[in-house]
Amino acid sequence: MDTIARTLAAGAVLSVLSAVPANAEDAGTVAKEVVADLKAKLLDRPMNNLQAANGPIPGDLTLYALELECQNGIPTPGYYSSLNGAEISDAQRSGIFPCASFTGSWDEPNAVFAFRSVDDYPGISYMNNRKPGELYIVGGEFPTPDDRRMVGPYIAKADATTGKQIWRTYLDNPNVSGRWIANANLNILPDGDIAFAWSHFVTRLDGDTGLIEKVTSLPTGAAPVADVNFKHLTIAPDGTLILKDQTRPIGCTLQGTMAIISCVREGMQSPNSVLVAVDPKTLEILDWLQLPEPAPSPHIIAPYGEKIAIYMGMEETLGRFFWDPAAKKLSTDESWQIKPLAPGQQALTAPTVVGDWIAVQTNGLFSDKKASSVVVVHRDDASRTDTIFPFGELKEHEYSFAPPKNGADPENNMIYSADMGMRKVAGITVDPATGKLATRFVVDDISNTFQPVIGPADKRVLLLTSIKLPLEIEPILLAVKKSNYTESLTWRDAATGKILAESDHFEPLTVNSLTTPGFGGRVYFPTAVGKGFYILQAMPREAEKTAKEK
């Protein structure tokens with residue numbers, strides 16, 4: 001029991017005992033009333049999410065098989081079929097988890113239960129499921145106030161309920177190697193092994209043991225080896241690994257992904273990125289392509305007729321490229337290169353597929369000159385576009401910073417946009433025929449993480465994190481740099497933004513991370529600082545009341 005809980009409990013006991021008569025006989029007659037009163041006072045004391053759970057959270061075990069069967073019915077070529085075998089859902093980085101469950105109520109109040117992993121995993125970026133009970137973690141590449149000289153990246157396998165480590169494999173230590181280490185993603189191959197890239201390397205790890213099977217050095221093109229990070233690994237439908245690097249501005253010596261933002265703001269220039277195709281079994285480099293610009297955000301892969309299309313938002317250009325598995329060649333689609341940025345905007349995030357439209361978020365990097373917008377482009381005709389500024393224009397002393405890619409729900413023609421600088425999140429509708437964009441809702445919420453949606457199309461739930469600053473007036477970028485804020489998770493009606501459940505505020509997540517859905521209605525909350533990660537589950541409020549009574 002923590003200090004606050006002990007104090008409240010002691011106060012309740014003293015309050016009740018003060019009412020007990022001095023006469024022993026009279027005291028005996030009121031014993032039952034004293035106990036009842038004491039119990040009532042203790043039950044009225046609010047418990048935090050951790051106290052309410054009071055231990056590991058296995059989720060609803062009756063849902064495991066149903067969720068896995070549902071997921072196995074959804075084709076995920078190139079990836080292990082699980083709730084989240086990819087960095088974010090699939091090769092499109094869609095953020096859609098139709099087989100994940102919301103175990104709370106849509107109509108009545110909900111409570112949230114939390115458990116913190118028994119083992120520590122510093123600087124977590126992404127978490128993936130394989131089979132129910134299996135959890136994979138990548139971390140060690142995000143400098144924090146508690147861990148300025150981080151060691152990593154590492155990949156770990158843990159028990160999905162307790163967070164107890166099964167194995168951990170370290171792939172680098174920048175304090176020794178001197179390499180630039182920044183966020184990296186995690187993808188599970190169909191055979192259960194792991195494909196992973198960092199710095200200028202790509203590797204395969206045995207998914208059961210963590211043993212490193214192969215390692216290959218990747219070409220860096222015009223960029224110095226010291227300034228590349230092949231964070232972006234996406235798997236094509238034929239199984240080929242398609243990789244792209246982030247590039248750190250020349251002359252920058254900072255660690256972590258935020259090095260790009262910090263050094264660009266100081267006027268430094270990032271070198272151009274490259275696109276690389278790699279055999280998933282042998283890790284042989286099949287082809288590579290020098291890109292015309294830096295591309296700090298991930299690419300996505302989607303079928304385009306019989307072709308394999310690669311879409312990416314670069315510093316200024318939204319472009320399409322092709323992978324030809326027969327010829328083993330990468331190529332540029334010169335007919336589909338768009339300049340979506342308005343004057344004053346900075347960089348594009350990863351694109352999002354919404355039917356026949358490709359959506360992209362602007363201001364992936366900081367701008368104090370122009371508000372963020374969402375732009376859609378028709379995949380068959382790059383001249384057909386529409387743009388919306390869901391949060392209006394910047395006011396004096398306001399700025400825009402929208403690092404996460406757009407969330408989306410194509411079945412309901414919805415796009416989601418989060419601008420932490422403008423402190424808002426929007427739900428946007430897109431007309432599937434015309435591409436016309438319209439704002440459905442805007443909520444006041446500071447978030448720099450992805451906006452996944454879970455559940456069936458007719459009952460979609462939006463998972464949205466919410467930052468609480470230590471001071472309302474503290475600049476966002478300063479807070480992110482210091483990691484001195486707290487962050488919660490909200491479960492929302494994806495059609496309206498209405499909050500269905502909200503967790504306590506915990507230590508902050510890494511920027512551009514994912515609150516990963518888990519089996520049985522659980523959600524994983526990968527904190528960047530502190531100890532380990534949180535496992536959260538929303539349940540009807542009655543469950544919390546029952547927990548208190550026990």
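Heads up: the structure comes first, above all this text.
About the thresholds
- Residues numbered from 1 in each chain as written.
- Predicted model: local features only at pLDDT ≥ 70, side-chain atom pairs only at ≥ 80, totals over all residues.
- Heavy atoms only, no water.
- Pairing = 2+ DSSP bridges.
- Helix = DSSP H or I, 4+ residues; strand = E, 2+ residues; numbered from the N terminus.
- 1 Å grid on protein atoms, 1.4 Å probe; cavity = no way out; pocket = protein on both sides within 12 Å on 5 of 7 lines; lining within 4 Å.
- Points joined across faces, edges and corners; volume = space filled by probe spheres on them.
- Nonpolar A, V, L, I, M, F, W, Y, C, P; charged D, E, K, R; others polar.
- Phe/Tyr/Trp six-rings, centres within 6.5 Å; stacked < 30°, edge-to-face > 60°.
- Buried < 20%, exposed > 50% of the residue type's maximum accessible area, 1.4 Å probe, protein only.
- Disulfide = S-S within 2.5 Å.

Examining the sheet that holds strand β10 (residues 212–217)
Through backbone hydrogen bonds, the strands of a sheet pair up, either in parallel or in antiparallel fashion.
So, step 1. What the four strands build is an open sheet, ordered β7-β8-β9-β10; its pairing is antiparallel. Both outer strands of the open sheet, β7 (187–188) and β10, are each paired with one neighbouring strand and no more.
So, step 2. Sheet topology note: the strand β9 (residues 201–205)/β10 ladder contains five bridges and is antiparallel. Within β10, the residue paired with Val 202 across the bridge is Thr 216.

Quick notes on the layout of surface pockets
Remark: the empty space left among the atoms is shown by a probe the size of a water molecule rolled over them.
So, step 1. Of the voids in this model, the largest pocket is the one considered here, and its volume is about 620 Å³.
So, step 2. Lining the largest pocket are 31 residues; nearest its centre among them are Ile 74, Pro 75, Asp 90, Gln 92 and Ser 94.
So, step 3. Contributions of two or more residues to the lining of the largest pocket are made by β1 (96–97), β15 (299–304) and β19 (352–354).
So, step 4. Classifying every residue of the lining of the largest pocket gives 18 nonpolar, ten polar and three charged.

Here's the deal with the sheet that holds strand β30 (residues 499–502)
So, step 1. A sheet is described by the order of its strands in space; here five strands give the open sequence β1-β27-β28-β29-β30, paired in mixed fashion. Either end of the sheet is taken by a strand with one partner, and the two such strands are β1 and β30.
So, step 2. In this structure, strand β29 (residues 486–493) lies alongside β30, joined through three bridges in antiparallel fashion. Looking at β30, one finds that Thr 490 is bridged to Glu 502.

What about the packing of aromatic side chains?
Between two aromatic rings, the relevant description is the distance of the centres plus the angle of the planes.
So, step 1. Counted by the stated rule, this structure contains 15 aromatic pairs.
So, step 2. Ring centres of Tyr 121 and Phe 533 lie 5.8 Å apart, and the angle between their planes is 40 degrees; on these two criteria the pair is classed as tilted. Taken as a pair, Tyr 121 in the loop between β2 (110–116) and β3 (126–129) and Phe 533 in the loop between β32 (522–525) and β33 (534–540) lie far apart in primary sequence, 412 residues in all.
So, step 3. The exposure class assigned to Tyr 121 is buried, which follows from its relative accessible area of 1%.
So, step 4. Among the aromatic residues, ring-to-ring pairing joins Tyr 121, Tyr 524 and Phe 533 into one connected group.

Things to note about the state of the cysteines
So, step 1. All chains considered together, the criterion is met by two disulfides.
So, step 2. The disulfide partner of Cys 70 is Cys 99, and the gap between their sulfur atoms is 2.1 Å. With the S-S bond torsion at -70 degrees, the cross-link from Cys 70 to Cys 99 turns out left-handed. Pair noted here: Cys 70 is in helix α5 (residues 61–72) and Cys 99 is in the loop between β1 and β2, with a separation of 29 residues, a long-range link.
So, step 3. With relative accessibility at 5%, the residue Cys 99 sits in the buried group.
So, step 4. Disulfide partners in the protein chain, listed by the sequence order of the bonded cysteines, are 1-2, 3-4.

Considerations on the pairing of strand β4 (residues 134–139)
So, step 1. Counting buried residues along β4, six of its six residues qualify, which places the element largely inside the surrounding structure.
So, step 2. Side-chain alternation along β4 places Glu 134, Tyr 136 and Val 138 on one buried face and Leu 135, Ile 137 and Gly 139 on a second face that is also buried.
So, step 3. Between β3 and β4, which follow one another and run antiparallel, lie four residues, and Gly 133 among them has a positive phi close to 100 degrees.
So, step 4. Two elements, β4 and strand β5 (residues 154–159), share six bridges in a ladder whose sense is antiparallel. Its bridge partner lying in β5, Tyr 136 is registered against Lys 157.

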